[in-house]
Amino acid sequence: MNWKSIIETNEELYDVHTVTPHFTAGFAIGIIAVHLIYPKLPGNVANATTYPFPVLYKEVFFEIEELFEGSEGIKKQVIEAAKYLEKQGVRAIIGACGYFAHFQEDVREAVDVPVFLSSLCQLPLIKLGIASSKKIAVFAASGDDLDEELLRKVGTDSERLIVQDVGHLDSFAGIRYGNMGFDNARLASDLAEIAKRLVETNPDIGAILLECSDLPPYAKVIQSVTGLPVYDFNTLIDLVYHSVVQKTYYGYL
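Here is what the cut-offs are and how they apply
Numbering of residues begins from 1 in every chain and follows the order in which that chain's sequence is written. Two thresholds apply to this predicted model, a pLDDT of at least 70 for residue-level local features and 80 or more for giving and counting side-chain atom pairs, whereas whole-chain, interface and lining totals are computed over all residues. Side-chain calculation: all heavy atoms of the structure are included, whereas hydrogens and water are not. Each helix is a run of DSSP H or I of at least 4 residues and each strand a run of E of at least 2, with the numbering of both proceeding from the N terminus. Here the expected span of a helix is defined as 1.5 Å times the quantity of residues minus one. Each residue's exposure class comes from its accessible area (1.4 Å probe, protein chains only) as a fraction of the maximum for that residue type: buried when under 20%, exposed when over 50%, partly exposed otherwise. Each C-beta atom gives one direction from the helix axis, and the arc is the one those directions make. N or O atoms within 3.5 Å of each other form a polar contact, as long as, within protein, one can give a hydrogen and the other can take it, and as long as residues adjacent in sequence are counted only when both atoms are side-chain atoms. What makes two residues a contact is simply this: any of their non-hydrogen atoms within 4.5 Å. The rule for pairing is simple: two strands pair if DSSP sees at least two bridges between them. Lines are fitted to the C-alpha atoms to define the axes, a helix being fitted only along its stretch in contact, and any angle between axes, read from their N-to-C directions, falls within 0 to 180 degrees. Two residue types count as positive, namely Lys and Arg, and two as negative, namely Asp and Glu; His and chain ends fall outside the count. A pairing counts as a salt bridge when a side-chain nitrogen of Lys or Arg comes within 4 Å of a carboxyl oxygen of Asp or Glu. Handedness of a helix crossing follows the sense of rotation of the near helix relative to the far helix, less than a right angle counterclockwise being left-handed and clockwise being right-handed. The pairing test for Phe, Tyr and Trp rings, Trp by its six-membered ring, is centres within 6.5 Å, and the orientation test on the planes gives stacked under 30 degrees, edge-to-face over 60, and tilted for anything in between. For a Lys NZ or an Arg CZ to count as sitting over a ring, it must be within 6 Å of the ring centre and within 35 degrees of the ring normal.

### Focus: helix α9 (residues 233-244)
Moving on, step 1. Counted at 1.5 Å a residue, the expected span for α9 with its 12 residues is 16 Å, and the 17 Å between its end C-alpha atoms agrees.
Moving on, step 2. Residues Phe-233, Asn-234, Leu-236, Ile-237, Val-240, Tyr-241 and Val-244 constitute the buried set of α9. With its buried residues spanning 150 degrees around the axis, α9 presents them on a single face.
Moving on, step 3. Here α9 starts with a cap whose side-chain oxygen sits 2.8 Å from the backbone nitrogen of Asn-234, and that cap is Asp-232.

This is the structure:
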C-alpha cells in the first residue's frame, strides 16, 4: 500500500501523507530515562505498564547525582536522546527524573515537539489552581538541589513551596539501589507518615507534588492520609498525552 494515501480504519481517517514513516509507530510519548538498575514498580515512570498507551524509552548513561546537580557534561547526551525520540516519531518528550528540569530550556529549543522534562513543570499550574494563601509541598529526591535556578527553568520560583527531602530515607534508598534491599510496605509507610506530619505542621499546604519518578506508586497513600490533591509525573504525562492524541467523542444527545 502506498503510504502517501489516506486510509480509513475503524471509522477514523488517517492522513498518512502528513506522517514520516518509521520502523515502528504508535509511540506518542517519548521518555528519557537514566540507566539505573533497581525495582521499578507499576506507577514508576520507567515501568511501561504504568500507561494505558505505548511509550518509547531512550536511555542515557551517567550518574544520577550528575543530573541532580545539572552537570553541563551530560547536557549533550540529554539533547541527543530527545532528538532520537523525535526522529522515532514521538509527539512529546518527558524526562524520567524531576531534575531533568536543568535541561528543559535546552531540549525545548533543540526539537520541534512539546517538551516537559520534569514533574516540576506542573508547579505554575498548581499555583494557579489553589488559593494564594496555600502552599505546595514538594517531595524531592534531593532537596538541596531544588534551588531557584532549577525552578526558574520550569517557569516558577520557591515562593509558596515547602520542599520535603525524601532522599535520606533508608526505605527510599532501597528502591533506588537494589543491593540495599527494597521494602515496598516500609517505604509506603514512611512516605505516608512524612506527608501526614508535614500537613499537620503546615495546615496551609493546599497540594502536594512528587518530584521523583519513583514516587507515583505512593501517590494514592499520600493522598489518603492528607486528603489533598497529589500531582506527580503521571498526572503530567496523562495531560501531555491527551493534548497530543486527541480523540473522537461518541455518545448521544
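So that's the structure; there's more coming.
### Notes on helix α8 (residues 219-226)
Moving on, step 1. Within α8, the full set of buried residues consists of Ala-219, Ile-222 and Thr-226. The buried residues of α8 occupy an angular sector of 65 degrees when the element is viewed end-on, so they sit on one face. Among the exposed residues of α8, those pointing more than 90 degrees away from its buried face are Lys-220 and Ser-224.
Moving on, step 2. Those residues of α8 hidden inside the fold are in contact with β7 (135-140), α7 (184-201), β9 (205-210) and β10 (230-231).
Moving on, step 3. Following α8 by one or two positions, Gly-227 has its phi on the positive side, about 70 degrees.

### Concerning the sheet that holds strand β3 (residues 29-34)
Moving on, step 1. Strands sit in the order β4-β3-β5-β6 across an open sheet of four strands; the sheet is parallel. Each end of this open sheet is capped by a strand with a single partner; those strands are β4 (55-60) and β6 (115-116).
Moving on, step 2. Alignment of β3 against β4, held across six bridges, turns out to be parallel. Within β4, the position partnered with Val-34 by the bridge is Val-60.
Moving on, step 3. In the packing of helix α2 (residues 75-87) onto the sheet, the strands contacted are β3, β4 and β5 (92-95), and the crossing angle to β4 comes to about 155 degrees.
Moving on, step 4. Relative to the sheet, α9 contacts β3, β5 and β6, its axis offset from that of β5 by approximately 175 degrees.

### Focus: the side chain of Asp-232
Moving on, step 1. Relative to the elements of secondary structure, Asp-232 occurs in the loop between β10 and α9.
Moving on, step 2. Summary of buried charges: Asp-232 has no salt-bridge partner, and the nearest side chain of opposite charge, Lys-220, is 12 Å away.
Moving on, step 3. If we ignore the near neighbours within four places in the chain, the residues touching Asp-232 are Ser-119, Gln-122, Leu-209, Leu-210, Pro-216 and Ala-219.

### So, the packing of α7 against α8
Moving on, step 1. Contact geometry of α7 with α8 gives a least axis separation of 9 Å together with a crossing angle of 35 degrees. Between α7 and α8 the crossing geometry is right-handed. Here Ala-188, Leu-191, Ala-192, Ala-195, Lys-196 and Val-199 of α7 lie close against α8, whose contacting residues are Val-221, Ile-222, Val-225 and Thr-226.

### Considerations on the packing of aromatic side chains
Moving on, step 1. This model, assessed by the stated rule, comprises three aromatic pairs.
Moving on, step 2. Relative to Tyr-99, the ring of Phe-68 lies with its centre 5.0 Å away and its plane at 65 degrees, an arrangement referred to as edge-to-face. Residue Phe-68 is located in helix α1 (residues 64-69), and its partner Tyr-99 is located in the loop between β5 and α3 (104-110); the two are separated by 31 residues in the primary sequence. Taken individually, Phe-68 and Tyr-99 each receive the classification buried, so the pair is uniform in this respect.
Moving on, step 3. Every member of this aromatic cluster is reached through a ring pair, and the members are Tyr-51, Phe-53 and Tyr-241.
Moving on, step 4. Lying over the aromatic face of Tyr-38, Lys-40 brings its terminal NZ or CZ to 4.2 Å of the ring centre.

### Section: the sheet that holds β9
Moving on, step 1. The four strands are arranged β8-β7-β9-β10 in an open sheet whose pairing can be described as parallel. Whereas interior strands pair on both sides, the edge strands pair on one side only; in this sheet they are β8 (161-165) and β10.
Moving on, step 2. Two strands pair when backbone bridges link them, and β7 and β9 are joined in this way by five bridges, in the parallel orientation. Note that in β9 the partner of Val-138 across the bridge is Leu-209.
Moving on, step 3. Helix-sheet contacts for α7 involve β7, β8 and β9, and the interaxial angle to β7 is about 155 degrees.

### Quick notes on the pattern of salt bridges
Moving on, step 1. Applying the stated criterion to the full structure yields 10 salt bridges.
Moving on, step 2. Between Arg-152 and Glu-105 there is a salt bridge; the shortest N-O distance is 3.1 Å. With Arg-152 in helix α5 (residues 148-152) and Glu-105 in helix α3, this pair connects stretches of sequence that are 47 residues apart.
Moving on, step 3. Where Glu-149 meets Arg-152, a salt bridge forms, and the shortest distance between an N and an O atom there is 3.0 Å. Taken together, the residues span about one helical turn, with Glu-149 and Arg-152 both in helix α5 at a distance of three residues.
Moving on, step 4. Bridged by salt links that share partners, the residues Glu-72, Lys-75 and Asp-106 form one connected network.

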